[in-house]
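These are the residues of each chain, in order.
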Amino acid sequence: MLIYDLDLPALAELLKSWDEPAYRAKQIWQGLYQHLYNSPDQFTNLSKPLRERMTAEFNFSPFKIKTYLDSSDGFTRKTLFELPDGNLIEAVLMRYGDPADDPQMSTSETNRRGAKNRRTLCISTQAGCAMGCVFCATGQMGFKRNLSSGEIVAQVMYYAQMLKAADEVVSNVVFMGMGEPFHNYENVMAAIDRLNDPDGFKFGARRFTISTVGLVPQIRRFADEGRQVNLAISLHAATDVERLAIMPVNKKYNIEEVIEACKYYVEKTHRRVTFEWALINGVNDSPEVARQLAARLKGMLCHVNAIPLNPTNGYSGAATDRQRAAIFKEMLEQAGVGCTIRMRRGVDIQAGCGQLAGSLLL
Ligand code: SAH
Ligand code: SF4
């Protein structure tokens, strides 16, 4: 069994059935999540027979490293993992370093977000995705299966162990890899709770961001549960006709319903919602669209994160250029809606959602 699939009570229960004393579970938990051990022989505080039993019964890594790619600027690494059933998932590490050695990020931007030396992980929640957004490589691949909570946790632990060797730590985790996190709600929340544990990895809730295509019942449930996790909504269009053309989910939950659910979330949590916007040349990047979007969002505690489209094989759209993106931002801000244009990172390693797995599968 994958050891990261167990929460602390389940681990304690299992060790009890092995006739081990109660404190053993805590020792293993701390070894895993505080010392970041990834093999039984590192647990030198445990007896040899127990370590042998752990070797026999536990799996410490659910995947094989199929391949990895580093961006030419050295700031981004993308790893493609192969699961035991052959499915491929990917997880990306983005290093936001000192602005002096990071030409892609302006100093003011870095300072504003306190982003110095950030180590952000972008991880997957499903193999493939059922939502079918036309511009997305994962959507183009279709749905394979949900990841277990342990398979989600293991992506974080893989990079945490790697960073530890360089005396670095993970600073943020975003659920923006393959899959729709709210379509795998239980396992995603279980993974967050496991990583959040104060006796374990202690990863603060505010350092997670969930990105969703806009599944309304789950947005409301998430609001009710009151976690301090950040929420981002993939909007990408300001009218239902335009959104439906690129995001089939809009048939089920239209823009109005999504925005209502977001308002409910803000009301409940007092937290700001981020709206994500992939800028597609001539599709959703005109001043007119910016005006329509601003009208929809005005007065709401929110921010627009716009990022030029990462072109994919299965979609003919192209990225908006810098100048047009700047006008889009300007229009929104004049109308009172905050907007950041995010630089594309790791473009040369196909760091866009699902693109690496997609290119290997096609
Ligand atoms: N399923 C979730 C999270 C994974 S996708 C969601 O859709 O929100 C993470 C983000 O990448 C989403 O905002 C998604 O719309 C965006 N995205 C997908 N494909 C993209 C592409 N080719 N270029 C730019 N952004 C893309
Ligand atoms: Fe799925 Fe998100 Fe891609 Fe849409 S953008 S297909 S929801 S992973």
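Residues numbered from 1 in each chain as written. Chains lettered and ligands numbered in written order. Predicted model: local features only at pLDDT ≥ 70, side-chain atom pairs only at ≥ 80, totals over all residues. Heavy atoms only, no water.

1. A look at the sheet that holds strand S2 (residues 76-82)
Next up, step 1: Spatially, the ten strands line up as an open sheet ordered S1-S2-S3-S4-S7-S8-S9-S10-S11-S12, and their pairing is mixed. Of all the strands in the sheet, the pair left with one neighbour each is strand S1 (64-70) and strand S12 (339-341). Here the average twist between neighbouring strands, direction ignored, is 20°. (Pairing = 2+ DSSP bridges. Helix = DSSP H or I, 4+ residues; strand = E, 2+ residues; numbered from the N terminus. Axes fitted to C-alpha atoms, helices over the stretch in contact; angles between N-to-C directions.)

2. Focus: the side chain of Arg-271
Next up, step 1: With respect to the helices, strands and loops of the structure, Arg-271 is situated in the loop between helix H10 (255-269) and strand S10 (273-279).
Next up, step 2: Glu-225 provides the closest opposite charge to the buried, salt-bridge-free Arg-271, at an N-O distance of 13 Å.
Next up, step 3: Looking at Arg-271, its side chain comes within polar contact range of the main-chain oxygen of Gln-228, at 3.2 Å.
Next up, step 4: A polar side-chain atom of Arg-271 sits 2.8 Å from a polar atom in the side chain of Asn-230. (Buried < 20%, exposed > 50% of the residue type's maximum accessible area, 1.4 Å probe, protein only. Lys, Arg positive; Asp, Glu negative; His and termini not counted. Salt bridge = Lys/Arg side-chain N within 4 Å of Asp/Glu carboxyl O. Polar contact = N/O pair within 3.5 Å; in protein donor to acceptor, adjacent residues only side chain to side chain.)

3. What to know about the packing of helix H1 (residues 8-17) against helix H2 (residues 23-33)
Next up, step 1: At a closest axis distance of 8 Å, the pairing of H1 and H2 adopts a crossing angle of 130°. Between H1 and H2, the interaxial angle falls into the category oblique. In this structure, H1 crosses over H2, and the sense of that crossing is right-handed. Contacts between H1 and H2 pair Leu-8, Leu-11, Ala-12 and Leu-15 from the former with Arg-24, Ala-25, Lys-26, Ile-28 and Trp-29 from the latter. (Parallel < 35°, antiparallel > 145°, perpendicular 65-115°, else oblique. Left-handed = near helix turned anticlockwise from the far one by under 90°. Contact = heavy atoms within 4.5 Å.)

4. Remarks on the packing of aromatic side chains
Next up, step 1: Counted by the stated rule, this structure contains 15 aromatic pairs.
Next up, step 2: Among the aromatic residues, those joined into a cluster by ring pairs are Phe-63, Phe-81, Tyr-158 and Tyr-159.
Next up, step 3: The ring of Phe-203 carries the charged tip of Arg-207 above its face, separated from the ring centre by 4.1 Å.
Next up, step 4: The aromatic ring of Tyr-264 is capped on one face by Arg-220, whose charged end is 5.0 Å from the ring centroid. (Phe/Tyr/Trp six-rings, centres within 6.5 Å; stacked < 30°, edge-to-face > 60°. Lys NZ or Arg CZ within 6 Å of the ring centre and 35° of its normal.)

5. A look at the site of ligand 1
Next up, step 1: Taken together, 19 residues lie near ligand 1, and Gly-179, Ser-211, Ser-234, His-236 and Asn-310 sit nearest.
Next up, step 2: Between ligand 1 and Ser-234 there is a distance of 2.6 Å, counted from an oxygen atom to a side-chain nitrogen or oxygen.
Next up, step 3: The backbone of Asn-310 places a nitrogen or oxygen atom 2.8 Å from a nitrogen atom of ligand 1.
Next up, step 4: Contact with the protein chains covers 91% of the free accessible surface of ligand 1, which is 530 Å².
Next up, step 5: At the level of secondary structure, the elements contributing two or more residues to the shell around ligand 1 comprise strand S8 (208-212) and S10. (Near = heavy atom within 4 Å. Areas by Shrake-Rupley, 256 points an atom, 1.4 Å probe, with all protein chains shown as cover.)

6. Let's talk about the pairing of strand S7 (residues 172-175)
Next up, step 1: Burial along S7 is two-sided: Asn-172 and Val-174 facing one way and Val-173 and Phe-175 facing the other are all buried.
Next up, step 2: Inspection of the sheet shows strand S4 (residues 118-122) paired to S7 by three bridges, in the parallel sense. Bridge pairing links Leu-121 to Val-173 in S7.
Next up, step 3: Of the strand pairs in this sheet, S7 and S8 are connected by three bridges, and their pairing is parallel. Along S8, the bridge assignment pairs Val-174 with Thr-209.

7. Focus: helix H11 (residues 287-297)
The periodicity of an α-helix, 3.6 residues per turn, causes residues three or four positions apart to be oriented the same way.
Next up, step 1: Those residues of H11 that fall on the buried side of the exposure criterion are Val-289, Ala-290, Leu-293, Ala-294 and Leu-297. Taken down its axis, H11 places every buried residue within 135° of arc, on the same side. (Arc of directions from axis to C-beta.)

8. With respect to the packing of helix H7 (residues 185-196) against helix H8 (residues 216-225)
Next up, step 1: Where H7 contacts H8, the axes come no closer than 12 Å and their chain directions differ by 30°. The orientation of H7 relative to H8 falls into the category roughly parallel. Our pair here, H7 against H8, has a crossing hand that is right-handed. In this structure, H7 contributes Tyr-185, Glu-186 and Met-189 to the contact, and H8 contributes Gln-218, Arg-221, Phe-222 and Glu-225.
Next up, step 2: Taken together, the residues of the contact of H7 with H8 break down into three nonpolar, one polar and three charged. (Nonpolar A, V, L, I, M, F, W, Y, C, P; charged D, E, K, R; others polar.)

9. Some words on H2
Next up, step 1: Among the residues of H2, those classed as buried are Arg-24, Ala-25, Ile-28, Trp-29, Gly-31, Leu-32 and Tyr-33.
Next up, step 2: On its buried side, H2 packs onto H1, helix H3 (48-57), helix H6 (149-165) and H7.

10. Thoughts on the site of ligand 2
Next up, step 1: In the neighbourhood of ligand 2, ten residues make up the surrounding shell, with Cys-129, Met-131, Cys-133, Cys-136 and Gly-139 lying closest.
Next up, step 2: In terms of residue class, the shell around ligand 2 is built from six nonpolar, three polar and one charged.

11. Considerations on unusual backbone geometry
Next up, step 1: Of note, the phi angle at Leu-36 is positive, near 60°, even though the residue is not glycine.
Next up, step 2: For Leu-36, the position within the fold is in the loop between H2 and H3.
Next up, step 3: One non-glycine residue, Lys-202, lies in the positive phi region at around 55°.
Next up, step 4: Tracing the chain through its elements places Lys-202 in the loop between H7 and S8.

12. Looking at the nonpolar core
Next up, step 1: If you look at the biggest cluster of nonpolar residues, it comprises 106 residues, and the most contacted ones within it are Ile-210, Phe-275 and Trp-277.
Next up, step 2: Broken down by element, this core gets its largest block of residues, eight residues, from H6.
Next up, step 3: Both domains that meet at this core, namely domain 1 (3-57) and domain 2 (64-361), each give it at least three residues.
Next up, step 4: Non-local contacts of Phe-275, meaning those with residues more than four positions away in its chain, are made with Ile-233, Leu-235, Cys-262, Leu-297, Met-300, Cys-302, His-303, Val-304 and Asn-305. (Core = buried A, V, L, I, M, F, W, Y, C linked by side-chain atoms within 4.5 Å. Domains from an automatic or database assignment.)

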